[in-house]
Amino acid sequence: MADTIKLSVNGVEVEVPAGKNLIDAVAAVGIEIPHICYHPALGADGNCRMCLVEIEDGRPPLVAACKTKAAEGMKVRLDSEKIKKIQRDIMEFELINHPIDCPICDQAGECILQDYYVKYDHAPSRMRVPQVTKGKKMDFGSGVVHDQERCVLCARCVRFTRLITKTGELGIVNRTDQARVNIFPGRPLNNRYALNVVDLCPVGAMTSKDFRFRQRAWFLTKSKGICHGCSKGCNIYIDHNREKYKDDIIYRYRPRHNDLVNGYFICDSGRMTYKLENEKRLRVPLAAGQQVDLESAVNALKRRMDQADKLVFLVSPSCSLEQMRAIQQLATHKAAVLSGYSEGYIQKGDGDDYLIQDDKSANRAAFALLGIDESKDTLTAALNEADLLISFGNDLSLSGMDCTALGKTELAFVGSYANNCADAASYLLPVASYSEDNGSIINIDGVLQRYGAAVVKNEPLPSMLQILAQLGGAFGDVQAVWSDLNSAVEAFNKVDLQNIPAEGLALTVSEVDNVTA
Amino acid sequence: MEVKILSARFDIADANKLEVAKKHGAYGTLEKLFTMEPAEVTEVVKASGLRGRGGAGFPTGLKWTFLPKGLDKPVYLAVNSDESEPATFKDRYILVRDPHMLIEGIIICCYAINSHDAYIYIRGEYIYQAKILQAAIDEAYAAGYLGDKVLGHDFRIDVTVHRGAGAYICGEETALLESIEGKKGQPRSKPPFPAVEGLYGCPTIINNVQSIASLPFILEKGADAYKAYGTEKSSGTHLFGISGLVKKPGMYELPLGLPLVEVVDKVAGGVRDGRTLKGIIPGGSSTPVLTAEEAQSVTLDYESMAAHKTMFGSGGIVVLDDTVDMVKLAENLVHFYYHESCGQCTPCREGLGWMLKILGAIIAGKGKAKDIDLLLELCDNIEMKTVCVLSAACTMALRSYLNKFRSEFEAYIANTASAQPVM
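Residues numbered from 1 in each chain as written. Chains lettered and ligands numbered in written order. Predicted model: local features only at pLDDT ≥ 70, side-chain atom pairs only at ≥ 80, totals over all residues. Heavy atoms only, no water.

Peer 1: Got a minute to help me understand the domain arrangement of chain B in this structure?
Peer 2: The accessible area lost on association of the parts is a frequent measure of interface size. All names here are of chain B. Segmentation of chain B into domains returns domain 1 (18-227), domain 2 (237-321) and domain 3 (326-419). On a C-alpha basis, the centroid separation for the pair domain 2 and domain 3 is 23 Å. In this assembly, 12 residues from domain 2 lie in contact with 12 residues from domain 3. Carbon and sulfur atoms make up 65% of the surface buried where domain 2 meets domain 3, a total of about 970 Å² over both sides. Linking domain 2 with domain 3 are 2 salt bridges. For Glu408, the salt bridge is made with Lys278, and the minimal N-O distance between the two is 2.6 Å. At the junction of domain 2 and domain 3, the tally comes to 6 residue pairs in polar contact (both at pLDDT 80 or more). Of all the elements in the fold, those that place two or more residues in the side of domain 2 that touches domain 3 are strand S7 (277-281) and strand S8 (290-291). Looking at side-chain class alone, the side of domain 2 that touches domain 3 contains 6 nonpolar, 4 polar and 2 charged residues. (Domains from an automatic or database assignment. Contact = heavy atoms within 4.5 Å. Buried area = accessible area lost by both parts, 1.4 Å probe. Salt bridge = Lys/Arg side-chain N within 4 Å of Asp/Glu carboxyl O. Polar contact = N/O pair within 3.5 Å; in protein donor to acceptor, adjacent residues only side chain to side chain. Helix = DSSP H or I, 4+ residues; strand = E, 2+ residues; numbered from the N terminus. Nonpolar A, V, L, I, M, F, W, Y, C, P; charged D, E, K, R; others polar.)

Written out as structure tokens, the structure is:
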């Protein structure tokens, strides 16, 4: 089969990818066929009838574009008066029993009914008879709240629980305009991906208990990011906003489509990791147990390093590739033992065969590529001798080691999040987290992905790379790290920082073969 | 006027019992059947001109030829016995009075299309009928007409009765298949058509009970004998259910092609004394109504009905006299289709309820003049935009009431207007 086919849309010939339905095929060249129920991850259902198009010389002349495969020579018409009228009529039917409670609806601003009303309808209401009333604010479980009146019965959520999670908690009960999405009595949504139905819902029928009524969608800045909740590295939108007189706060994560990594969805626990970016963050620098300003703390730690006889660096498996490399460089420079021991980040058996991984760290694959030792023996042997341990974000307590009982070894912590290890540290350097920094991570499947800074705080914390440079490291910025990676680490010899594709770069299998899960 | 082809054994006591039915000729065609090639059987059915008796009138033999050749998938036969169209009550007579005629027809059809598994999808409310049918099937198994070796021939046929749960939409052939598969009865998008991808994804032929029950006669007496009844394009006989405001409502077997009004007068006794004919619903509630004047020139066949912009439908004739309130009749009709809309696709799900409420408002004295045109526009907006034709069944009929009896709707609205206080 050829990779592209030619067909005519509104009399204009276009070349589109082969093997797709009409909606996706012409969308690839920027032509929109309005649709509500179709979603590429869930297949065509054909129930909304919004995507009806005319096929000239076709039989039948009127087809649902979602159900129709684009074919060579097909003559599609979207701009005829007949089709425009059908689109208006379908919108009218969708809206007659819709509550139109946009002012109090979370979906307002990103609602398909609003968008399509403006684009395809614009007709006044002719509804003079009472509307159908249905259930409101129904708790479907897993943090999902449902409004049956707003629902357009597209069945995306139902199909999601049947096709994707295969848990089937949702169904459409009743017929005619009494049809409604519901759970079975006493059987709420019970899967680890349930909140995806909120994103899938084209209207405000499925809302997230966590997000509802917290922000208007149009106030949110929607930045691209990568979830650091596990080693899958799912692509996300980081939706954040700085309200007047307040700080830039993240309100939600939403999945961002990437076929190389996560497809269209993310897990619920990863979605909720946005809270770690807002709360329980390290803010106050410490030097020798005393609160000081950051500069003093950096200088104090630098002096303490110089005095140390035996120095151990502990790096977190969630550090970015650039951070790891810079830590590694500094370790070599300071003759420190470098360890990546982080067994506690792995929750054996927690992962599934879809997105969720056992390993709750974001970048462990980079350890193997950089040759960073992960064994417990290396770390414990080094700690027996050491008088200073600097942890770069690694919460050693997760791995069953008591950070308050390190004996003569003094503890320093350079990181973003409060944890037992940071609590026990006498030197503390707070740094920007991944949502405020840029960097690269390599996921469990060996896909190298770049992410940029999404959030800019009122009082930004320095990046870990800046701190490392101040502590005597050789690299001032990401570019400098990459020059080194390109020349000194075989796996990155051929990787051009500027040309890493947006969807990530799959490193060859052999390079990540020895990465432990 | 009446003939006894399908109904030959209807008046024989206990003809639902194998012993009695057999004495009167049931299963008489099977010896002949197994001497024929399957394709020959199909040819005879095609030559007979038999058209689908479920309402659409698609040629039965031609439908069978749509099965893909050389597939390694099984072929299924689904017998549509979901008789739910208001005013239609013909198949139930076959199920109760001569179920062995249906089973014999199933054997003939299965042999012709090389199917070994037939499902009879019977309407949920037909509890009594299902019991009698199942008893007949059990007898047929015991007597070797069904089972691993039909009459000792190397041909297996298993027949399963599947009861519906009361949804009209399950008479739509793909909703019927969904229902057999254990899913919610909702029509599938077509294509693919069931002959290519039907029950469990396999090629499936779906025929109405009466169509299948017509096969034994056609096979026994030949295509010409069948064509001797009816018209050129509408051959054979049909079980007509005549109801409404006539003196002798009932089920009558008639050849196709008879004048409608004559049938109403002579067979069903005509309208009651002192009343006049107002209109006739010719073939089930979904067929556009004929005015008394139009009905004069209509004959009971597919061509004549089409020429009068209505449909032959399912043979359910409803006679309306001058006492009938057409607005309330229209509301009753729309209420049925509203209630039975599966709710899957938008225009039908939302539109029928809207139309029903508008009609309710008109009857309640809250109608507005523009409501009639709004209803007509909604008919257009819904019709043929949907996955199946349930909504079209409603809109085609409603449109005929609005257009042909508009003055009655206007009268309701005029009364409303006069009742309004003067501003």
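Now that the structure has been shown, we can carry on.
Peer 1: Would you explain the sheet that holds strand S1 (residues 4-9) of chain A in this entry?
Peer 2: Two orientations exist for strands paired in a sheet by backbone hydrogen bonds: parallel and antiparallel. Residues and elements named next belong to chain A. Pairing is mixed across the open sheet formed by 5 strands, whose spatial order is S2-S1-S5-S3-S4. Pairing within the sheet leaves two strands with one partner each, and these edge strands are strand S2 (12-17) and strand S4 (62-64). On average, adjacent strands in this sheet sit at an angle of 40° to one another, irrespective of strand direction. Here S1 pairs with S2 via 6 bridges, running antiparallel. (Pairing = 2+ DSSP bridges. Axes fitted to C-alpha atoms, helices over the stretch in contact; angles between N-to-C directions.)

Peer 1: In this structure, what is going on with the domain arrangement of chain A? I would like to understand it.
Peer 2: Residue and element names in this part refer to chain A. Under the domain assignment used here, chain A contains domain 1 (4-79), domain 2 (95-208), domain 3 (224-278) and domain 4 (286-512). Domain 1 and domain 2 are separated by 25 Å when their C-alpha centres are compared. Regarding the contact of domain 1 and domain 2, the summed buried area is about 1,200 Å², with carbon and sulfur atoms giving 58% of it. The largest share of the area that domain 1 buries against domain 2 comes from Glu32, Ile36 and Leu42, three residues that together contribute 53% of it. Across the domain 1-domain 2 interface, the total number found is 1 salt bridge. Where Glu32 meets Lys119, a salt bridge forms, and the shortest distance between an N and an O atom there is 3.1 Å. Considered class by class, the residues forming the side of domain 1 that touches domain 2 number 8 nonpolar, 4 polar and 2 charged.

Peer 1: It is not clear to me how the interface of chain B and chain A should be interpreted in this structure. Could you clarify?
Peer 2: On the side of chain A, 34 residues touch chain B, which itself brings 33 residues to the contact. Buried area between chain B and chain A, both sides added, is near 2,700 Å², and the carbon and sulfur share of it is 51%. At the junction of chain B with chain A, the criterion picks out 5 salt bridges. Here Arg128(A) and Asp371(B) are joined by a salt bridge, their closest N and O atoms 2.9 Å apart. Along the contact surface separating chain B from chain A lie 20 residue pairs in polar contact (both at pLDDT 80 or more). Contributing elements (two or more residues each) for the side of chain B that touches chain A: helix H15 (326-340), helix H16 (346-363) and helix H17 (370-382) of chain B. Sort the elements by how many residues they give to the side of chain B that touches chain A and H16(B) lands first, with 9 residues. Residue classes in the side of chain B that touches chain A are distributed as 12 nonpolar, 11 polar and 10 charged.

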